[in-house]
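Structural description and commentary
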Amino acid sequence: MSRKSFRQALNEAMRQEMERDPTVIALGEDIAGGMGAKGAQDAWGDVLGASKGLLPEFGRGRIYDTPISESAFIGAAAGAAVTGLRPIAQLMFVDFFGVCGDQIINQMAKFRYMFGGKATTPVVIRTLFGAGVRAASQHSQCLYPIFTHVPGLKVVIPSSPYEAKGLMIQSIRDDDPVIFFEHKAMYDDQEEVPDEPYAIPLGQARVVREGADVTVVAIGRMVQFASQAAAALDKDGIRCTILDPRTTSPLDTNAILRSVERTGRLVVVDEASPRCGMAADISALVADKAFRSLRAPIRMVTPPHTPVPFAAELEDLYIPGPARIQATVTEVVKYN
Amino acid sequence: MQISRDDLLTSYRKMCTIRAFEERIHKEFATGQIPGFVHLYAGEEASAVGVCMQLNGIDYIGSTHRGHGHSIAKGCDPLAMMQEIYGRRGGLGKGKGGSMHIADISKGMLGANGIVGGGPPLACGAALSAKVRQTGGVAVAFFGDGAFNQGTTLESMNFASVYKLPVYFVLEDNGYAESTASSWSIGGHHPVRRAEGFGIPGERIDGHDFFAVYRAAKGAVERMRAGEGPQFIHIEFTRYYGHFEGDAMTYRPPGEVQEERKYLDCLKFFRGRVASSGLLETSELDAIDQDVAKLIDQAVAEARAAPPPAAEDLTTDVYSAY
């Protein structure tokens, strides 16, 4: 056990699984870096350095730097998965899914069903997401609702370094295609992470903290912000339960419903755009299945329905932060 | 080039099976019993069979929406295929895939594909997988003249080239992408040169001539197995039916298909060639025709009588674990 960053946790998960299972390969743009160039090899270890060091350990036979051709290498990952490998493909920023959407949505997601259960596609697509680093509209989105909408895909969104390692290991071992979302603003976050491999099951929400007054469901980086808000609300005597779903597909609907049955109040905090997002989806779930438990209207804390802005002043306003969460929870608890 | 008697007989049987399968579906579709869309491969048989005769159990193919021929050529069971096309529980995909998604991974058939250009990246992955697992296998990407203008195909050609993956890019040019002429839609009008631009050697072949396809494919697959990287072939032929069943083909000049059926028929060419050279007896070919006719009768009879999927099948086979 030692303190590790989100980046180091991911690196350790991939390294340990590659050591354990020779069918695990990694491919993507600059995942080692320097392919074909005259300077350093393993120059990048992917754009934020999470796969640094895998090339010297595993070599070019298992680490594939690819041309900038998302359709080709994401599709190749699907083809390799269905023929006996467990590829980890890195789609650098999830915003780029538009250039390879077919291979994810129409190909890998559907093989098992279309082929009558006779195919498995154990592929992980790692991808960076989220606002907060002034990366502007085409490098900041939270597109997990799009993938959550597609049956056949699993969607994983770790909320801390510990979560990142355990969920990555499970995602690599999983026999279904997994889209694994890594929040770029969390890469340097640190916490205690066990050195040995461990797997966190997909589809089991984490209870971050328990409190009797309100259920706050928060996703990804929003778990941190919700925790900060909950600490402040404690001082006002408002006790929050915070649930981190960990995966939006499968979604641990039971955990959400049981919690709302106890607290009678729901606030959903999501960094994704509000229309057809997870906040709307989880709110609909509770309205449909636990309406009688509700003592106050459900509230959603999301960004506005706009592209992610560049200027710091605007981006800070865009991202749902602890203050908005705190104000919204207070309103819900005081509703009568 | 010598082709063994056994291989000649197998090739003829497969081509004949594909033709009879497709001609029969054309008839049955008109009765309204076959749901959805079907895209028929009749007229194109020499391509699938000429290529797949070079492959074995360790090799994979990616296919197209016009995939019945590739499936039969790669060893999928025609009876289970017919059930799939009828949407039956006993079909290759338990009735969940249909004509456009026929697949049998255990036979190396990675799936027909409803998306034009969907297959080439998958074939690259199968080739990469063969390389990492050191199976010695190769992969074939069958794609049409429409898919030759899709980014997925061009990206895949570059990907295979830089990694020297054993992928055979098989451009099946039947003259029309849906209703649009390939003579117009392929910029540069020279597919082989386009492939050469990616560093992939290729040749242009008359797809009505089984022997020409067989020879070219044999060389290409041997070069891939020897580690020479991806190969390309531009196979030209005609399709006997519309883009899909129900397409009136008003974009083709009147009489074109009838003329082509008379003069451009790979089965007639094959028969003429083996008879004139004394490689096979006409009676042997006639016997195969009769066998195949029986098989197709059986396939349709079984598919008609087979039960549909059960209601509980709706929600199974979507995740391995969820």
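Residues numbered from 1 in each chain as written. Chains lettered and ligands numbered in written order. Predicted model: local features only at pLDDT ≥ 70, side-chain atom pairs only at ≥ 80, totals over all residues.

What to know about the domain arrangement of chain A
All names here are of chain A. What counts, and what does not: These domain limits were set by an automatic method or by a database of domain assignments. By the convention adopted here, residues make contact when the C-beta atoms placed from their backbones lie within 7 Å. Each helix is a run of H or I in the DSSP string that is no shorter than four residues. Each strand is a run of E no shorter than two, and both are numbered from the N terminus. Residue type decides the class: Asp, Glu, Lys and Arg count as charged, Ala, Val, Leu, Ile, Met, Phe, Trp, Tyr, Cys and Pro as nonpolar, and the leftover types, Gly among them, as polar.
Once the domains are mapped, chain A shows domain 1 (2-193) and domain 2 (206-334). For domain 1 and domain 2, the distance between their C-alpha centroids amounts to 27 Å. In this assembly, 24 residues from domain 1 lie in contact with 22 residues from domain 2. Elements that contribute at least two residues to the side of domain 1 that touches domain 2 include exactly α6 (144-148), β6 (154-156), α7 (161-173) and β7 (178-183). Looking at the side of domain 1 that touches domain 2, its residues break down into 13 nonpolar, 8 polar and 3 charged.

Things to note about the sheet that holds strand β12 (residues 247-249) of chain A
Residues and elements named next belong to chain A. Rule in force here: Being paired, for any two strands, means DSSP has found at least two bridges between them. To obtain each axis, a line is fitted to C-alpha atoms, and for helices this fit is confined to the stretch in contact; angles are then taken between N-to-C directions over 0 to 180 degrees.
Within the open sheet, the 7 strands sit side by side as β3-β2-β4-β5-β7-β6-β12. Their pairing is mixed. Pairing within the sheet leaves two strands with one partner each, and these edge strands are β3 (63-65) and β12. Across the sheet, the axes of successive neighbouring strands diverge by a mean angle of 20°, strand direction being ignored. Summarising the sheet, strand β5 (residues 124-129) and β7 pair through 6 bridges and their orientation is parallel. Looking at β7, one finds that Thr127 is bridged to Phe181. Of the strands in this sheet, β2 (24-28), β4 (86-93), β5, β6 and β7 are in contact with α7, which crosses β7 at around 160°.

Some thoughts on the nonpolar core
Generally speaking, a soluble globular protein has its nonpolar side chains buried in company with each other. Going by this rule: By definition, a nonpolar core groups buried Ala, Val, Leu, Ile, Met, Phe, Trp, Tyr and Cys residues that are joined through C-beta atoms within 7 Å. Neighbour density around each residue's C-beta defines its exposure: 20 or more other C-beta atoms within 10 Å make it buried, 12 or fewer make it exposed, and counts between make it partly exposed, where C-beta atoms are placed from the backbone.
One finds Val216(A), Ala226(A), Val329(A) and Ala127(B) to be the most contacted residues of the largest nonpolar core, which totals 200 residues. Looking at this core, you find at least three residues from each of domain 1 (2-193) and domain 2 (206-334) of chain A. Not counting residues up to four positions away in its chain, the partners in contact with Ala127(B) are Val138(B), Ala139(B), Ala160(B), Leu165(B), Pro166(B) and Val167(B).

Here's the deal with unusual backbone geometry
Geometrically, the link from Ser249(A) to Pro250(A) is a cis peptide bond, its omega value of 0° lying close to zero. At Lys94(B), a residue that is not glycine, the phi angle is positive and equals roughly 55°. Within the element layout of this structure, Lys94(B) appears in the loop between α4 (78-85) and α5 (119-133). Among the residues examined, Lys94(B) registers 24 C-beta atoms within 10 Å and is labelled buried.

A word on the sheet that holds strand β7 (residues 231-236) of chain B
All names here are of chain B. One open sheet holds the 5 strands; their spatial order is β1-β2-β3-β7-β6, and the pairing between them is parallel. Each edge of the sheet is formed by a strand with only one pairing partner; in this case those strands are β1 (60-62) and β6 (202-206). Pairs of neighbouring strands in the sheet enclose a mean axial angle of 20°, with direction left out of account. Bridge analysis of strand β3 (residues 167-173) against β7 gives 6 bridges, and the strand direction is parallel. Following the sheet pairing, Asp173 is matched in β7 by Glu236.

A few points about the environment of Ile169(A)
All names here are of chain A. Considering the arrangement of structural elements, one finds Ile169 in helix α7. Ile169 gets classed as buried once you count the C-beta atoms within 10 Å, which come to 20. For Ile169 and Ala255, which are 86 residues apart along the polypeptide, the C-alpha to C-alpha distance reads 23 Å. Dropping the residues within four chain positions of it, Ile169 is found in contact with Ala13, Gln16, Glu17, Pro197, Tyr198 and Ala199.

Observations concerning the pairing of strand β2 (residues 139-144) of chain B
Residue and element names in this part refer to chain B. Counting buried positions over the 6 residues of β2 gives 6, a clear majority of the element. Burial along β2 is two-sided: Ala139, Ala141 and Phe143 and Val140, Phe142 and Gly144, pointing in opposite directions, are all buried. Looking at chain direction, β1 and β2 are connected through 3 bridges and run parallel. The partner of Ile61 across the bridge, within β2, is Val140. Looking at chain direction, β2 and β3 are connected through 6 bridges and run parallel.

A closer look at helix α4 (residues 101-108) of chain A
Taken as a whole, α4(A) has its buried residues at Asp102(A), Gln103(A), Ile104(A), Gln107(A) and Met108(A). Where α4(A) is buried, its residues meet α3 (70-81), α5 (111-114) and β5 of chain A together with α5 of chain B.

Thoughts on the interface of chain A and chain B
When the parts of a complex come together, some accessible area is lost, and that lost area is often taken as the interface size. Listed by partner, the interface residues are 37 residues for chain A and 37 residues for chain B. Elements that contribute at least two residues to the side of chain A that touches chain B include exactly α3, α4 and α5 of chain A. Ranked by residue count, the leading element in the side of chain A that touches chain B is α3(A), at 9 residues. Within the side of chain A that touches chain B, the residues separate by chemical class into 16 nonpolar, 16 polar and 5 charged.

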